[in-house]
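Chain residues, written in single-letter form:
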Amino acid sequence: MTTTAVAPSRHRTPGAVRRLVRRNLTAYGFLCGALICFAFFSWYPMVREILLSFQKTNFVGPPEWVGLDNFRTVTEDSAFAAAWYNTAAFTLLALVIGYAVPFVLAIVLNELRHAKAYLRFVVYLPVMLPPAVAVLLFKWFYDPGPGLFNQILALAHLPGLSWLDSTSTALVSLVIVSTWMNLGTGTLIYLAALQSIPSELYEAAELDGAGLFKRVWHVTIPQTKLILLVMLLLQIVATMQVFIEPYLLTGGGPENATVTVAYLMYQYAFSFGNFGGGGALGLMLMIVLMVFSAIYLRVSRDDKI
Amino acid sequence: MSSSTMRSSGGLRPDRLARPVPPPAGDRPSRPPRRRPRREPARQFRGLVSPQTLSTTRGKIIYWTVLVTVVAGFTAVFVFPLYWMVTSALKSPDELAQIPPTLLPSAPDFSVYAEAWDQLDLGTFLRNTVIYAAGAWLFTLAIDVTAAYALSKLRPVLGKLVLAGMLATLMIPPMVILLPAYLTVKDLPILGWNLINTPWAIWLPAAANGFFIFLLKRFFDSIPRELLEAAEIDGAGPARILWSIVLPVSRPIIGVVSILSVVNVWKDFVWPLLVLPDGEKMPISVGISSLSAQMPQNVLMAALVIASLPAIIVFFVFQRSIMAGLTAGSLKG
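Residues numbered from 1 in each chain as written. Chains lettered and ligands numbered in written order. Predicted model: local features only at pLDDT ≥ 70, side-chain atom pairs only at ≥ 80, totals over all residues.

**Some words on the overall build of chain B**
Looking only at helices and strands, one finds 17 helices and zero strands in chain B. Counting across all 333 residues of chain B, residues that qualify as buried make up 43%. Long-range pairs, those at least 24 residues apart, make up 77% of the contacts in chain B with a sequence separation of at least 6. (Helix = DSSP H or I, 4+ residues; strand = E, 2+ residues; numbered from the N terminus. Buried ≥ 20, exposed ≤ 12 C-beta atoms within 10 Å, placed from the backbone. Contact = placed C-beta atoms within 7 Å.)

Listed below in structure tokens is the structure:
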């Protein structure tokens, strides 16, 4: 601890003690707002999340301890397996589409010497839109009749899809919206990382006769390895919490094809009034996500970017 | 905020602004100076492709083909949907249902914007959103700046534990504590207050942001101690030092935190959906989506345009700070 950092070698005279007490009082005076906010809105809810999942909350009397009942209710629900499957599938699909694409875009953008400001602005534009706006906009695009996507398919003489209304395309449709509105973040972060790669490395690789793809493989990727890993973990944690897309686009349907864990948790609490069941789902999701978060913290602690 | 200090994330270090005072060794325990090589402005930047390759005829042809493809592709993917949103709003319901669709509205009808404004009560929603964002911004700054300053410069007993507790919240994804946080806001422990349908339900949780504390504390850590000690010798108290010395040199990071906090509130959906169920109290994105089902398509599109305009304008004006904030967080500096 650092309380003695100011006067490491001095003895603690009464004056020094008084100063120390005063400094601590001032410090906690400055900290009290944050301590109150964190206590109420972060720390206590973290503890309460665990309690909640073992309790039955009915808002009339005090909560009742029910052991593992909530977990039993939730796991016996037919939507439970679907929710985990969909969440995993959503995350994987979002990774397939949404993870490599920003990196490739960033590599290309980094080579361009014109229209840079425009391209950077445009790629980040969807990120700035409120997600609800982007999702509702895409809901209109997915309209099976006059919606934009089927019109484009018609232009190419392809049969239209039923997008959100079919079990086979609904989840993919959600991934497309989600990717569209989040792509810019990764692209700009990678771009910043790419700009920090020293030119000498590319020059040396080129002198050694490395072609374009070899340079990407042997210079670009090793130089951005850490940020690639960090973004991978961040994206997994972010996409596993997917809620707004199923909430606004499909309501979990058709036939539970787009129910996600977060959405099921919301349904348990606010449609079925079962906060214990919602809490149990939340706790399971928390455990899974904490694994990724813990790896992320480990990785980002190696401060070697 | 001067643009030169915001040009890159490297601008976010006050020790570069205050070069005459050498930072004493050991003052920044966990944060060694970044070793990211910075290219001199005079030197030509190169990436994967060397300038020599680019200057050949073949290189030029390939470069311009790629450039045109990328510009066209980005425009199609990221701008065209927005164009479609704006023009869909201007079409009549009949024209919207038409197959194939028209690229330009045949008879643009701007009255739809007024209609959307009235029917969806967008004025109220926008006013609410502004109130939530402004309040969240004020509370975030007031609470997080003082806390980060106390943790960084006053270093109280148990300060490290408090900081660890705050940073630990970064590991908890917001979605998993959604229900307990909602129950807490509904019936605040000890106090028994119900904050549902009040702005406090947005403002106070917004201030409990470990990431902002982390950004601010790291910035304050890099302010040379001599600066503060000189003020202390002149008799300035901690509050005075924070106000007259720390805040002025911290303008870049405060700008980043300000914009991030406003954007966070503006974009948030799930939390206001839960804690502001009253139609009169909703922010714009919750309000529009709650009414979206019963709106004609063109009115809904007009509402979406109105809802996205503030975000686009803010982005246009504060582009640099927003992008600096983005990289400040994820590249760790």
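**Examining the UniProt feature "transmembrane region" (unreviewed entry) in chain B**
All names here are of chain B. Residues given the UniProt feature "transmembrane region" (unreviewed entry) here are residues 61-84, 130-149, 161-182, 202-220, 241-266 and 299-318. With 100% helix and 0% strand, residues 61-84 has end C-alpha atoms that lie 32 Å from one another. Secondary structure content for residues 161-182 is 59% helix and 0% strand, while the C-alpha to C-alpha distance between its ends is 26 Å. (UniProt positions renumbered as here; feature names shortened; annotations may be inferred.)

**Concerning helix α9 (residues 178-186) of chain B**
Of all nine residues in α9(B), eight are buried, a share of seventy percent or more. Buried within α9(B) are the following residues: B:Leu178, B:Leu179, B:Pro180, B:Ala181, B:Tyr182, B:Leu183, B:Thr184 and B:Val185.

**Comments concerning the interface of chain A and chain B**
Taken together, the contact pairs 90 residues of chain A with 87 residues of chain B. With 21 residues, the top contributor of residues to the side of chain A that touches chain B is helix α1 (residues 14-52) of chain A. Each residue belonging to the side of chain A that touches chain B can be placed in one class, and the counts come to 63 nonpolar, 20 polar and seven charged. (Nonpolar A, V, L, I, M, F, W, Y, C, P; charged D, E, K, R; others polar.)

**Looking at the domain arrangement of chain B**
Residue and element names in this part refer to chain B. Partitioning chain B into structural domains gives domain 1 (44-109) and domain 2 (113-333). Placing a centre on the C-alpha atoms of domain 1 and another on those of domain 2 gives a separation of 34 Å. Tallying the contact residues gives eight residues for domain 1 and seven residues for domain 2. At the level of secondary structure, the elements contributing two or more residues to the side of domain 1 that touches domain 2 comprise α4 (57-90) and α5 (93-97). The element best represented in the side of domain 1 that touches domain 2 is α4, accounting for four residues. Partitioned by chemical class, the residues of the side of domain 1 that touches domain 2 number five nonpolar, two polar and one charged. (Domains from an automatic or database assignment.)

**Topic: unusual backbone geometry**
Apart from glycine, the bulk of residues carry a negative phi angle, and the bulk of peptide bonds sit in the trans form. With a phi angle near 60°, A:His157 is a residue other than glycine that sits in the positive phi range. With respect to the helices, strands and loops of the structure, A:His157 is situated in the loop between α7 (148-155) and α8 (170-195). Backbone geometry places B:Leu158, a non-glycine residue, at a positive phi of 70°. Note that B:Leu158 resides in the loop between α7 (122-154) and α8 (159-168).

**Digging into the nonpolar core**
Membership of the largest hydrophobic core comes to 174 residues, with the highest contact counts inside it found for B:Leu216, B:Ala303 and B:Leu304. Broken down by element, this core gets its largest block of residues, 16 residues, from α8(A). The two domains that each donate at least three residues to this core are domain 1 (44-109) and domain 2 (113-333) of chain B. (Core = buried A, V, L, I, M, F, W, Y, C linked by C-beta atoms within 7 Å.)

**Some points on the packing of helix α11 (residues 225-240) of chain A against helix α14 (residues 275-301) of chain A**
Residues and elements named next belong to chain A. One can describe the packing of α11 onto α14 by two numbers: an axis separation of 10 Å at closest approach and a directional angle of 160°. Comparing the axis directions of α11 and α14 gives the class roughly antiparallel. When you trace α11 past α14, the crossing you get is left-handed. For the pair α11 and α14, contact is made by Leu226, Leu229, Val230, Leu233, Leu234, Ile236, Val237 and Met240 and by Leu289, Phe292, Ser293, Ile295, Tyr296, Val299 and Ser300, respectively. (Axes fitted to C-alpha atoms, helices over the stretch in contact; angles between N-to-C directions. Parallel < 35°, antiparallel > 145°, perpendicular 65-115°, else oblique. Left-handed = near helix turned anticlockwise from the far one by under 90°.)

**Some details on the UniProt feature "domain: ABC transmembrane type-1" (unreviewed entry) in chain B**
According to UniProt, the "domain: ABC transmembrane type-1" (unreviewed entry) feature falls on residues 126-318 of chain B. Secondary structure content for residues 126-318 of chain B is 74% helix and 0% strand, and the end C-alpha separation is 20 Å.

**With respect to the environment of B:Met171**
In this structure, B:Met171 sits in the loop between α8 and α9. In this structure, the C-alpha to C-alpha distance between B:Met171 and B:Gly210, residues 39 residues apart in sequence, is 9.7 Å. In contact with B:Met171, not counting residues within four places along its chain, are A:Met290, A:Ser293 and A:Leu297.

**Remarks on the confidence of the model for chain B**
Residues and elements named next belong to chain B. Mean pLDDT over chain B: 81, with 85% of residues reaching 70 or higher. The low-confidence segment residues 1-35 (pLDDT under 50) makes 51 contacts with residues lying over four places distant or belonging to another chain. Ignoring residues within four places in sequence, the model shows residues 38-42, a span with pLDDT below 50, making three contacts including any to other chains. (pLDDT = per-residue confidence, 0-100.)

**Examining helix α6 (residues 131-141) of chain A**
Along α6(A), 11 of the 11 residues are buried, which leaves the element largely enclosed by surrounding structure. Looking only at α6(A), the buried set comprises A:Pro131, A:Ala132, A:Val133, A:Ala134, A:Val135, A:Leu136, A:Leu137, A:Phe138, A:Lys139, A:Trp140 and A:Phe141.

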